[in-house]
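Here's the letter readout for the chains.
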Amino acid sequence: MPARAASGHAAGWALRSAGTADIEVIAELRATVMRADLERLGRYDEHRVRQRLRDSFSPQHTSIIVIDRELVGCVTVRPAEDRQWLEHFYLAPHRQGQGLGSAVLRTVLEGTDAQGMTVGLNVLQGSAARRLYERHGFVIEAEDPVDVFMVRPPAARASSPSKA
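What comes next concerns the included structure. Note that this is a predicted model, so its numbers are computed, not measured. As a convention, each chain's residues are numbered from 1 in the sequence order in which they are written. Local features in this predicted model are restricted to residues whose pLDDT is 70 or higher, and side-chain atom pairs enter the listing and the counts only when it is 80 or higher, whereas totals over whole chains, interfaces and linings include all residues. Values shown for side chains rest on all heavy atoms present in the structure; no hydrogens or waters enter the calculation.

Overview of the nonpolar core
Which entries qualify depends on this criterion: Joining through side-chain atoms within 4.5 Å is the link that ties buried Ala, Val, Leu, Ile, Met, Phe, Trp, Tyr and Cys residues into a set, and such a set is a nonpolar core. Burial status follows relative accessibility: with a 1.4 Å probe on protein chains alone, a residue under 20% of its type maximum counts as buried, one over 50% as exposed, and anything between as partly exposed. Note on conventions: DSSP H or I runs of at least 4 residues are helices, E runs of at least 2 residues are strands, and numbering of each starts at the N terminus.
Grouped together as the largest cluster of nonpolar side chains are 24 residues, with contacts concentrated most on Trp-13, Ile-65, Leu-86, Phe-89, Leu-100, Val-104 and Tyr-133. Elements that contribute at least two residues to this core include exactly strand S1 (13-17), strand S2 (62-67), strand S3 (70-79), strand S4 (84-91), helix H3 (100-114), strand S5 (119-124), helix H4 (129-135) and strand S7 (147-152). For this core, the leading source of residues is H3, giving six residues. One finds Ala-18, Met-34, Leu-53 and Leu-124 within the second-largest nonpolar core, a separate group that totals 19 residues.

Laid out in structure tokens, this is it:
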């Protein structure tokens, strides 16, 4: 995923490739970001929340979101047989609600749209992140008591206006 700066009030961010040295910082970020939702669902476990990230961390598919050289988030886009999976999309709490999530998600989706790829993800039941995904065209594919599985087909490319 190429580095890209955003415009508007989420300006000044960039993406860089993840490395194995990022794993513990991302594991802590995941624990912080997901704690309230996992506690609400009765699923928070201090060790498991970090270990699940460690077990599935894929540096080759993960980008680190940085602002002024500070790691403020991450996002993974992992290829699967019929779609790309959006995983481990976390923003530091002090960076949420400022348009950064939308800016990063737009950039990710521009890339998957250019490839003609469907994107899938799962979000915890009751998570505020679901509204972000719905605003960007994701719809529910399936759900269970803990997870909501969502999907977004590639956006149609804008065609050039016809001249009559």
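Here the narrative resumes, following the displayed structure.
Looking at the packing of aromatic side chains
Basically, it comes down to this: Here is the rule: rings of Phe, Tyr and Trp (six-membered ring for Trp) pair when centre to centre is within 6.5 Å. Planes less than 30 degrees apart are stacked, more than 60 are edge-to-face, and the remainder are tilted.
Scanning all chains against the criterion turns up one aromatic pair. On the basis of an interplanar angle of 70° and a centroid distance of 5.7 Å, the ring pair of Tyr-133 and Phe-138 is categorised as edge-to-face. Overall, the relative accessible area of 7% leaves Tyr-133 in the buried class.

Here's the deal with the sheet that holds S1
Note the cut-off: A strand pair is defined by DSSP finding two or more bridges across the two strands. An axis is simply a line fitted to the C-alpha atoms; with a helix, the fit covers only the stretch in contact. Between two such axes, the angle follows the N-to-C directions and lies from 0 to 180 degrees. Any two residues whose heavy atoms approach within 4.5 Å are treated as being in contact.
Taken together, seven strands build an open sheet; the order of strands is S1-S2-S3-S4-S5-S7-S6 and the sheet is mixed. Taken across any chain shown, the strands that pair with only one partner, and hence form the sheet edges, are S1 and strand S6 (139-143). The sheet shows a mean angle of 30° between the axes of neighbouring strands, direction not considered. Note: S3 against S4, six bridges, orientation antiparallel. Of the residues in S4, the one forming a bridge with Val-77 is Leu-86. Along the sheet face, helix H1 (residues 23-40) touches S2, S3, S4 and S5 and points at about 85° away from the line of S4.

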